[in-house]
Amino acid sequence: MSEAPPASAFRPLGGGLSEDEAALRLRRDGPNELPVSRPRGLLRLALEVASEPMFLLLVACGVIYMVLGDPQEALMLLGFVFVVMGISFFQQRRSERALDALRDLSSPQALVLRGPTARRIAARELVVGDVVLLAEGDRVPADMDLVEASNLAVDESLLTGESMPVAKEAAASHPAIDTAKVFSGTLVTSGTGRGCVIATGEHSALGRIGKSLAGIAADSTPIQQETRRVVKQVAAVGLALAGVLAVAYGITRGDWLHGVLAGLTLAMAILPEELPVVLTLFLGLGAWRLAREKVLARSIPAIERLGATTVLCVDKTGTLTANRMTVRRVWSEEAVYDRLSSAGQVLQEELHGVLEYAVLASHRRAFDPMESAIAFAGQQLLAGTEHLHADWTLVDDYPLSPEMLAMSRVWQSPDQRERLIAAKGAPEAIVDLCHMDADRAAMVAAQVRAMAQDGLRVLGVAQATFGAAALPELQHDFEFRFLGLVGLEDPVRPDVPQAIAECRKAGIRVVMMTGDHSATAVSVARQAGLTTDGPPITGAELATLSDEALQARLAEAHIFSRVQPDQKLRLVRAFVARGDVVAMTGDGVNDAPALKAADIGVAMGARGTEVAREAAALVLMNDDFASLVTAVRYGRRVFANLRKAIVFVVAAHVPIVGLSIVPVLLGWPMLLMPVHILFLQLIIDPACSVVFEAQPLEADAMKTPPRRADQRLFDAALLVRGLWQGVGLLALLLAVYAGARLQAPPSVDGDEVARTLTFMALVLSNLALIQTNRSWSRAPQRGNRESNRQFAWIVLGTIALLGLVLTVPAVSRLFSFAPLSPVLLAAALAVSGMSFLWFECTKRILLRPGAPGGSR
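Residues numbered from 1 in each chain as written. Predicted model: local features only at pLDDT ≥ 70, side-chain atom pairs only at ≥ 80, totals over all residues. Heavy atoms only, no water.

1. Notes on the environment of Gly 750
Turning to its location among the elements, Gly 750 is positioned in helix α26 (residues 750–773). For the pair Gly 750 and Ala 740, spaced ten residues apart in sequence, the C-alpha separation works out to 7.1 Å. (Helix = DSSP H or I, 4+ residues; strand = E, 2+ residues; numbered from the N terminus.)

Right under this line is the structure:
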């Protein structure tokens with residue numbers, strides 16, 4: 001039962017720095033953060049955008065136009081270069097801002113004295129001289145001299161590689177020794193302490209290491225690695241084809257300079273330069289959207305794994321339940337009190353001792369929900385009696401341990417020489433401490449089962465006296481007397497049953513892992529809507545199962561009770577070994593290994609320890625199970641929208657590539673030139689990064705099983721869908737181009753008319769392509785307000801730019817366009833309408849079961 005004590009839980013030491021002094025030191029020394037965590041600056045971001053291959057190709061095309069003696073074309077091209085660069089810069093900067101917000105949210109917290117009061121602040125705001133309070137589970141936020149320590153031990157493996165915790169002690173007179181210091185980044189594994197900050201940021205021990213890490217890039221995610229590989233492969237093929245086209249043009253027509261221009265145009269058409277930007281933006285904004293739902297994504301790879309989650313391993317208390325415990329029942333062998341049936345009645349005298357010693361066995365400043373409930377019940381039911389002891393002095397305590405699921409506190413009253421010991425814990429542990437005979441132990445066990453079947457969390461309570469001066473090392477050495485049982489209830493959160501039902505429809509299995517009694521676990525599971533078929537697997541039973549036997553039981557087991565943290569780790573590994581994608585919730589220091597072992601570790605943000613939050617990929621800021629289901633929904637949305645964007649990119653690039661190659665191979669004039677490719681980029685990039693990212697989840701997406709864990713982003717189904725859409729559009733546009741060249745009147749340039757008509761049809765068809773791929777349901781989906789608004793801006797902007805190109809003579813000449821008659825304008829609209837019908841027919845055909853592009 002770890003807790004984060006307030007300042008008042010420590011011995012008085014005076015106040016901390018004033019707010020004004022802290023602000024002055026923060027300005028002088030800078031924030032308490034490492035260089036490696038600082039985001040990219042504007043200049044670096046601009047240089048990265050300018051060094052993209054697409055922009056280098058555009059500059060090369062501009063140089064060729066200059067050599068060809070066409071400065072207007074070159075300047076127009078370079079102007080478009082800056083426009084597209086601006087769009088890319090804006091997109092990347094938007095992603096950076098989203099990640100900046102996440103950095104602020106994920107900044108570790110520190111409990112610090114500012115003036116006479118303690119409050120939590122972001123660790124980056126700590127300054128030298130601050131007084132920081134530490135408790136079990138905290139990550140040390142800065143280098144500190146210890147001025148107070150109580151059973152304090154720190155894991156310094158981050159700095160030393162030594163896995164054993166190091167015992168710490170206050171040594172104000174000898175501040176130079178390491179046992180009197182704690183260092184930034186290390187973990188408090190037990191006890192409490194108070195320290196004075198002596199070094200922050202780069203000047204801390206971790207900061208000195210951080211300087212050497214500043215140049216090390218973060219690991220790429222699997223999807224990023226796959227995208228980078230695909231882009232490199234496509235780029236290699238594109239450059240090879242561009243070289244062949246340039247040589248073929250030069251040989252057949254004897255114009256090598258225009259041949260190079262044709263090759264560069266083809267390279268621009270093939271290169272899918274928007275894919276890395278789209279991926280980064282989708283994952284970054286996906287994490288930002290989750291943060292708005294009170295789910296902090298500390299690890300970006302977690303976003304891409306959420307959609308594949310098949311098993312959710314959840315704790316009971318605080319996740320499925322409201323984590324607001326109340327004392328429902330007090331029982332002894334002489335009497336019973338039930339808050340519901342005995343409402344308005346006073347607590348019987350026979351039960352005063354049970355509740356009295358339950359209060360004494362709890363922390364006075366309780367943070368644990370059960371202890372808070374016991375303290376509240378004591379104030380209510382024992383008010384005005386002699387059983388509340390505010391003047392008693394705490395001598396020592398025996399904390400809960402994996403070997404003994406009970407805790408004892410030793411008290412000294414002002415008028416007694418003997419010490420009084422109050423114990424509470426798991427009923428079987430209390431029975432063991434009291435050395436009960438078999439008959440009496442069976443009677444208590446029967447009562448525990450009866451209370452647990454009502455969904456109550458049951459604690460046993462015992463009392464002892466001890467006269468010797470030296471306390472024993474073990475609780476077992478006291479002569480305990482059994483007093484009774486306390487039953488507490490924690491109601492299931494109102495939204496949990498609906499969330500679990502949604503998981504079941506989505507093909508996600510929810511299993512409960514709890515330290516509670518089996519009957520309590522089954523009762524809560526039944527209220528929450530979990531499957532309760534078959535008996536729970538207990539921690540004791542789990543310890544006897546071999547790995548093979550456990551695998552056989554996992555297929556049917558949904559409830560694991562009385563499990564220890566190390567058993568949670570074993571269960572997570574067992575589910576992963578079955579091929580499941582596992583998300584697991586946890587909050588304690590001992591949950592950290594299981595959180596790390598899970599595919600997606602989920603920590604509780606409100607009641608979880610800093611260790612658990614550091615080990616987890618996601619943090620539920622409001623400790624709500626429904627938020628975890630929301631995170632799964634967003635994970636599916638991110639992956640599905642990425643696939644939609646990639647289908648659009650494939651389908652949009654096919655006609656661009658085809659219109660760059662086929663006319664040259666047939667001996668026709670070049671249809672598309674670099675300026676046309678740039679214009680199309682103004683549509684493709686925003687459409688991918690803005691419209692598709694904002695698209696809501698498909699209506700039936702949470703009614704289908706999770707995607708396979710090994711499903712690739714660029715799979716056959718995706719490529720088939722994009723190629724079918726793109727090839728059909730290419731065939732239609734080639735027919736339009738050929739027909740327009742033949743039907744053009746002698747008084748106009750037939751090639752320019754054909755180019756103008758084909759290009760207009762291509763642009764409008766791209767808008768139709770966006771609309772089709774916004775939803776892969778059989779019926780076109782209208783989307784949500786955000787995506788509709790963004791799509792409307794894309795449509796209006798595209799039509800405005802197209803109108804500018806067609807109606808302004810100077811711009812039309814740069815595009816080699818000719819004026820179009822109303823009939824040809826109508827023809828372009830008709831072609832785009834035909835393309836939309838083709839896209840919809842393709843979608844319907846490929847969505848049929850068994851179709852090659854049928855996977856979503």
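2. Notes on the side chain of His 387
The residue His 387 is located in the loop between α13 (369–381) and β12 (393–398) in this model. Looking at His 387, the relative accessible area reads 12%, which means it is buried. (Buried < 20%, exposed > 50% of the residue type's maximum accessible area, 1.4 Å probe, protein only.)

3. Points about the packing of aromatic side chains
Applying the stated criterion to the full structure yields twelve aromatic pairs. Between Tyr 398 and Phe 478, the ring centres sit 5.5 Å apart and the planes meet at 85 degrees, which makes this aromatic pair edge-to-face. Of this pair, Tyr 398 sits in strand β12 while Phe 478 sits in the loop between β15 (457–466) and β16 (481–489), and the two are 80 residues apart along the sequence. Of the two residues examined, Tyr 398 and Phe 478, each falls in the buried class. Centre to centre, the rings of Phe 679 and Phe 759 are 5.5 Å apart; their planes meet at 65 degrees, and the pair counts as edge-to-face. Of this pair, Phe 679 sits in helix α24 (residues 674–692) while Phe 759 sits in helix α26, placing them 80 residues apart in sequence. (Phe/Tyr/Trp six-rings, centres within 6.5 Å; stacked < 30°, edge-to-face > 60°.)

4. Here we look at unusual backbone geometry
Phi is positive for Lys 294, which is not a glycine, with a value near 70 degrees. One can find Lys 294 in the loop between α9 (274–292) and β8 (295–297). Accessibility expressed as a relative area gives 47% for Lys 294, which makes it partly exposed.

5. Observations regarding the pattern of salt bridges
Applying the stated criterion across every chain, the model contains 25 salt bridges. Across the pair Arg 114 and Asp 130 runs a salt bridge whose closest N-O atoms are separated by 2.8 Å. Taken together, the residues Arg 114 in strand β1 (residues 109–114) and Asp 130 in the loop between β2 (117–122) and β3 (131–135) connect sequence positions 16 residues apart. A salt bridge links Glu 371 to Lys 424; its shortest N-O distance comes to 2.9 Å. Here Lys 424 lies in strand β14 (residues 419–425) and Glu 371 lies in helix α13, a separation of 53 residues in the sequence. Residue Glu 371 is classed as buried on the basis of its relative accessible area, which comes to 0%. Among the residues examined, Lys 424 registers a relative accessible area of 2% and is labelled buried. Where salt bridges share partners, they join Arg 328, Arg 329, Asp 338, Arg 339, Asp 454 and Glu 489 into one cluster. (Salt bridge = Lys/Arg side-chain N within 4 Å of Asp/Glu carboxyl O.)

6. Thoughts on helix α20 (residues 565–577)
For α20, with 13 residues, the first-to-last C-alpha span of 19 Å sits near the 18 Å given by 1.5 Å per residue. Buried residues of α20: Gln 567, Lys 568, Leu 569, Leu 571, Val 572, Ala 574 and Phe 575, and no others. Looking one or two residues past α20, Gly 579 carries a phi angle of roughly 95 degrees, positive in sign. (Expected span 1.5 Å × (residues − 1).)

7. Examining the packing of helix α16 (residues 496–505) against helix α23 (residues 625–665)
α23 packs onto α16 with a crossing angle of 30 degrees between their chain directions and a minimal axis gap of 9 Å. The angle between α16 and α23 places the two elements in the roughly parallel class. Crossing hand, α16 versus α23: left-handed. Side by side, α16 and α23 meet where Val 496, Ala 499, Ile 500, Glu 502 and Cys 503 of the first sit next to Phe 625, Ala 626, Val 629 and Arg 633 of the second. Within the contact of α16 with α23, the residues separate by chemical class into seven nonpolar, no polar and two charged. (Axes fitted to C-alpha atoms, helices over the stretch in contact; angles between N-to-C directions. Parallel < 35°, antiparallel > 145°, perpendicular 65-115°, else oblique. Left-handed = near helix turned anticlockwise from the far one by under 90°. Contact = heavy atoms within 4.5 Å. Nonpolar A, V, L, I, M, F, W, Y, C, P; charged D, E, K, R; others polar.)

8. Here we look at a nonpolar patch on the surface
A cluster of nonpolar side chains, namely Val 247, Ile 251 and Trp 256, defines an oily patch on the protein surface of about 330 Å² accessible area. Inspection of the secondary structure assignment puts Ile 251 in helix α7 (residues 222–253). You can call Ile 251 exposed: its relative accessible area is 61%. (Patch = residues over 30% accessible without salt bridge, like charges linked within 9 Å, V, L, I, M, F, W, Y side chains within 5 Å. Areas by Shrake-Rupley, 256 points an atom, 1.4 Å probe, with all protein chains shown as cover.)

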